[in-house]
Amino acid sequence: MNREKEILVLGIETSCDETSAAVVKGGTRLLSNVISSQMDVHRKFGGVVPEVASRRHVERITLIMQKALEQAGVSIKDLDAIAVTQGPGLVGALLIGVSAAKALSFATGIPLVGVHHIAGHIYANHLVKPLEFPLVALVVSGGHTELIYMEGHNRYERLGRTRDDAAGEAFDKVARLMNLPYPGGPHIDRLAAQGNPGYDLPRAWLEADSLDFSFSGLKSAVMNLIHNASQRNEAIREADLAASFQEAVLDVLVEKSLRAVKRTGVKRLVLAGGVSANSGLRVRLHQRCAQEQIELLIPPLELCTDNAAMIASAGTYQYLDGNFAELSLNAEPNLSLV
């Protein structure tokens, strides 16, 4: 019997405004994935308020962990490891999950592993179809836009990263400029589907050989466009602006991802992170990867946003490599993947 297939890991995720716990078997089999979102709480503020998020995590974490175990039909003594998001994220929010995981590990003697949040997003795909290496992962979220090369489990090489605003951050900022509700990404995605990209907006390609990203200039171009239209008392075609902005973002994300695949010589591209729920991005990548005969893996919508199942999956391979954490494990809001 393959021991890897029997390993049970409890995952805990509290990096931002989702309180989540999950149980995963063998790194690939999802037994439970409980998520408590705070979106309605933070919407009235137009963004996540760190102190509010932390307090909500305190209120819910033990109940969410208990519910995850119950739904999975397992008890604490059945677990092989406890995996928790160590970073990056909001430090107060991270501390709640880390503290809960350490307390449980101390009380039971179950090994503890710290997991990088971005690694978790990549491993969300592992719950759909086992990852085959080597591969390139495009990670797009509210705080991160990165291209990662992987030769195997727990082996990461960064090929490119954002130099300023992440793609998800740019979506939220532009949505706010357009007076759309928080979170702005889904609203822009829906509007874009109804419009035509008639506004001329820039694409930041950077240096000829660069796989880095930059979206702050695009955000500023939208701000200036809206301001100038207001000065001239002209109406903005909202759906067309959303379509123009989204196309500008997707052009760069898709093209640089394909450049990374070609440069590394791999034939597999994995999409990860909250922005992977964007319908336009999913369609564009499917089309281009089909043209280039590249295998594309995209997680289902329920695994795109922050969740503990992805942390448990990534944590399984930390456990198998013996990368255990001490009870001195601390939250690291700026934790680096490589």
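A quick note: this is a predicted structure, and the numbers were derived from the prediction, not measured.

K.L.:
Before we move on, could you go through the packing of aromatic side chains and cite the residues and values that matter?
P.N.:
If you walk through the whole model with that rule in mind, you get four aromatic pairs. With a centroid separation of 5.6 Å and 45° between ring planes, the pair formed by Tyr319 and Phe324 is classed as tilted. Looking at Tyr319, the relative accessible area reads 17%, which means it is buried. The class of Phe324 is partly exposed, set by a relative accessible area of 45%.

K.L.:
Account for the pattern of salt bridges, naming residues and giving values.
P.N.:
Using the criterion set out here, one finds 23 salt bridges in the structure. The partner of Arg203 in a salt bridge is Asp251, with the nearest N and O atoms 2.8 Å apart. Taken together, the positions of Arg203 in the loop between helix H6 (184-192) and helix H7 (216-231) and Asp251 in helix H8 (residues 238-264) put the pair 48 residues apart, joining distant regions of the chain.

K.L.:
Just give me the short version of the side chain of His126, but keep the residues and values in it.
P.N.:
Examined against the element boundaries, His126 turns out to sit in the loop between helix H4 (117-123) and strand E6 (135-140). At 2.9 Å, the side chain of His126 forms a polar contact with the backbone nitrogen of Leu131. Dropping the residues within four chain positions of it, His126 is found in contact with Gly27, Thr28, Leu131, His153, Ser313 and Tyr317.

K.L.:
Before we move on, can you summarise unusual backbone geometry with the specific residues and values?
P.N.:
Following Phe133, the chain continues into Pro134 via a peptide bond in cis, with omega recorded as 0°. Within the element layout of this structure, Pro134 appears in the loop between H4 and E6. Backbone geometry places Leu206, a non-glycine residue, at a positive phi of 60°. On the accessibility criterion, Leu206 (33% relative accessible area) is partly exposed.

Rules behind the numbers
- Residues numbered from 1 in each chain as written.
- Predicted model: local features only at pLDDT ≥ 70, side-chain atom pairs only at ≥ 80, totals over all residues.
- Heavy atoms only, no water.
- Phe/Tyr/Trp six-rings, centres within 6.5 Å; stacked < 30°, edge-to-face > 60°.
- Buried < 20%, exposed > 50% of the residue type's maximum accessible area, 1.4 Å probe, protein only.
- Salt bridge = Lys/Arg side-chain N within 4 Å of Asp/Glu carboxyl O.
- Helix = DSSP H or I, 4+ residues; strand = E, 2+ residues; numbered from the N terminus.
- Polar contact = N/O pair within 3.5 Å; in protein donor to acceptor, adjacent residues only side chain to side chain.
- Contact = heavy atoms within 4.5 Å.

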